[in-house]
Amino acid sequence: MTVTATSEWQRWQTSWDRQQEWYMPDREERFRVMLDTVEAVAGPTPRVLDLACGTGSISDRLLRRLPGARTTCLDIDPTLLTIARGHFADDDRVTFVEADLTDPAWTGRLPHTSYDAVVTATALHWLDTEPLRRLYGALAGVLREGGVFLNADHMRDESAPRINAALASLNAVRQEQARGQGAVDWADWWDAASRDPLLADATAERFALLGDPRQPKSDGTPRDRPTLTGWHIETLREAGFGEARQVWCSASDALVAALR
Ligand SMILES: C[S@@+](CC[C@H](N)C(=O)[O-])C[C@H]1O[C@@H](n2cnc3c(N)ncnc32)[C@H](O)[C@@H]1O
């Protein structure tokens, strides 16, 4: 791979991170706690599944922190997988899988039958209650005994609504300021990707397969999506995890750890 290509993939990887951070300013803090838990439970050379990996940000932080780790990056999105493949080119610690997590046969595409850790962030809220319940059941089968699952996502603790509202207001002010300083949101990011010749083909495929993210997402039909942290903890226990608890939270997001 040429130096130019490497720096272009790095530029897209960084641009994805900045866009995601605009929504979640403490994203790196979540990743740190997530990887603390992976290291604490699985040691310095874990085999990790990065579920709905996007451009592979979590795997990137994992390999910087634990160079002896191995990771399988799984996603459905052709554009984000193209960036991830470019970013990790020539790194034989990384394997890629293109799969749809709502397909009951998705685990059959994995290169390994067992993992020490499964990590995921800002992704499973795409799934409705029943597909997510099934996914949690499948994950219990993918992890080895004693392995750990970590899900950082939009989850709420409704026991302290005034604290949540105050933090959400502060976040909204910060977002507004960052926008004024040129922060790029979801729609703008996809627009830029569709215009870059490096990503144009993959992005056309993405739009055909999954829709155009520049268009409004919802048709108004109410979704059946679990939003409470407690639902995730309880459902993970029902799925066969011996322990599950929150290990980090912000006003709107939580990180839940579950031990097989
Ligand atoms: C907001 S991104 C987060 C990506 C990455 N985890 C991060 O933190 O940067 C959500 C990801 O979930 C993936 N995703 C959504 N639905 C999926 C599905 N059914 N199967 C596989 N991946 C899916 C999307 O393609 C996208 O990469």
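Participant: Which residues make up the overall build of the protein chain, and what values do they have?
Facilitator: Counting its secondary structure elements, the protein chain contains nine helices and seven strands. Computed over its C-alpha atoms, the radius of gyration of the protein chain comes to 18 Å, within 12% of the 18 Å expected for a compact globule of 260 residues. Dimensions along the principal axes, computed over C-alpha positions, put the protein chain at roughly 50 × 45 × 35 Å. Taking all 260 residues of the protein chain together, the buried fraction comes to 34%. Of the contacts formed within the protein chain by residues at least 6 apart in sequence, a portion of 70% connects residues at least 24 apart.

Participant: Tell me about the site of the ligand, residues and numbers included.
Facilitator: The local shell around the ligand holds 16 residues, among which Ala52, Gly54, Ile76, Asp77 and Ala123 are the closest. Here the shell around the ligand is built from residues that sort into eight nonpolar, five polar and three charged.

Participant: Could you give me a rundown of the sheet that holds strand β3 (residues 94–98), with the residues and numbers involved?
Facilitator: Within a sheet, adjacent strands bond to each other through the backbone by hydrogen bonds, running parallel or antiparallel. Strand order across the open sheet formed by seven strands is β3-β2-β1-β4-β5-β7-β6, with mixed pairing between neighbours. The open sheet terminates on both sides in strands that have one partner only, identified here as β3 and β6 (243–249). Sheet twist, expressed as the average angle between the axes of neighbouring strands with direction ignored, equals 20°. Pairing geometry for strand β4 (residues 115–121) and strand β5 (residues 143–154), over six bridges, is parallel. Bridge pairing in β5 links tyrosine 115 to leucine 143.

Participant: For helix α8 (residues 200–210), give the residues involved together with the corresponding values.
Facilitator: Within an α-helix, residues lying three or four positions from one another point in the same direction, as the helix has 3.6 residues per turn. Among the residues making up α8, those that are buried are Ala202, Thr203 and Arg206. Taken around the axis of α8, the buried residues stretch over an arc of 95°, which confines them to a single face. Set apart from the buried face of α8 by more than 90 degrees, the exposed residues are Asp201 and Ala208. In this structure, the buried side of α8 is in contact with α4 (78–87) and α7 (186–195). In the stretch just after α8, glycine 211 is the one whose phi turns positive, near 100°.

Participant: So, the nonpolar core: which residues are in play, and what are the values?
Facilitator: Among the nonpolar cores identified, the biggest contains 53 residues, and Val38, Ala117, Val118, Val119 and Leu150 are the most heavily contacted of them. Excluding anything up to four places from it in sequence, leucine 150 contacts Met34, Thr37, Val38, Ala117, Val119, Leu255 and Ala257.

Participant: Could you give an account of the pairing of β3, with specific residues and numbers?
Facilitator: Pairing of strand β2 (residues 70–75) with β3 involves five bridges; the strand directions are parallel. The residue of β3 that forms the bridge with aspartate 75 is glutamate 98. Between β2 and its parallel partner β3, the chain crosses via α4, and the hand of that crossover is right-handed.

Definitions and limits used
In this convention, every chain numbers its residues from 1, walking through the sequence in written order. Per-residue local features are limited, in this predicted model, to residues with pLDDT of at least 70; the limit for side-chain atom pairs, both in listing and counting, is 80 or more; totals at the level of whole chains, interfaces and linings are taken over all residues. Put simply, DSSP marks the helices as runs of H or I at least four residues long and the strands as runs of E at least two long, and each gets a number from the N terminus on. As defined in this context, the radius of gyration uses C-alpha atoms, and a globule is described by 2.2 Å times the residue total to the power 0.38. Burial in this document is a count-based property: other C-beta atoms within 10 Å of a residue's C-beta are tallied, and the residue is buried at 20 or more, exposed at 12 or fewer, or partly exposed in between, with C-beta positions derived from the backbone. By definition, residue pairs are in contact when their C-beta atoms, positioned from the backbone, come within 7 Å. Using a C-beta atom placed from the backbone, a residue is scored as near a molecule or strand whenever that atom is within 6 Å of it. Under the grouping applied here, Gly and all other residues not named as nonpolar or charged are polar, the nonpolar ones being Ala, Val, Leu, Ile, Met, Phe, Trp, Tyr, Cys and Pro and the charged ones Asp, Glu, Lys and Arg. Note on pairing: two strands pair once DSSP finds at least 2 bridges between them. Only C-alpha atoms enter the line fits that serve as axes; for helices the fit covers just the stretch in contact. Angles between N-to-C directions range over 0 to 180 degrees. To be clear, the arc concerns the directions from the helix axis to the C-beta atoms. Under the definition applied here, buried Ala, Val, Leu, Ile, Met, Phe, Trp, Tyr and Cys residues are grouped into a nonpolar core through C-beta atoms within 7 Å. By convention, orient the strands away from the viewer: a clockwise path from the first strand over the helix to the second makes the crossover right-handed.

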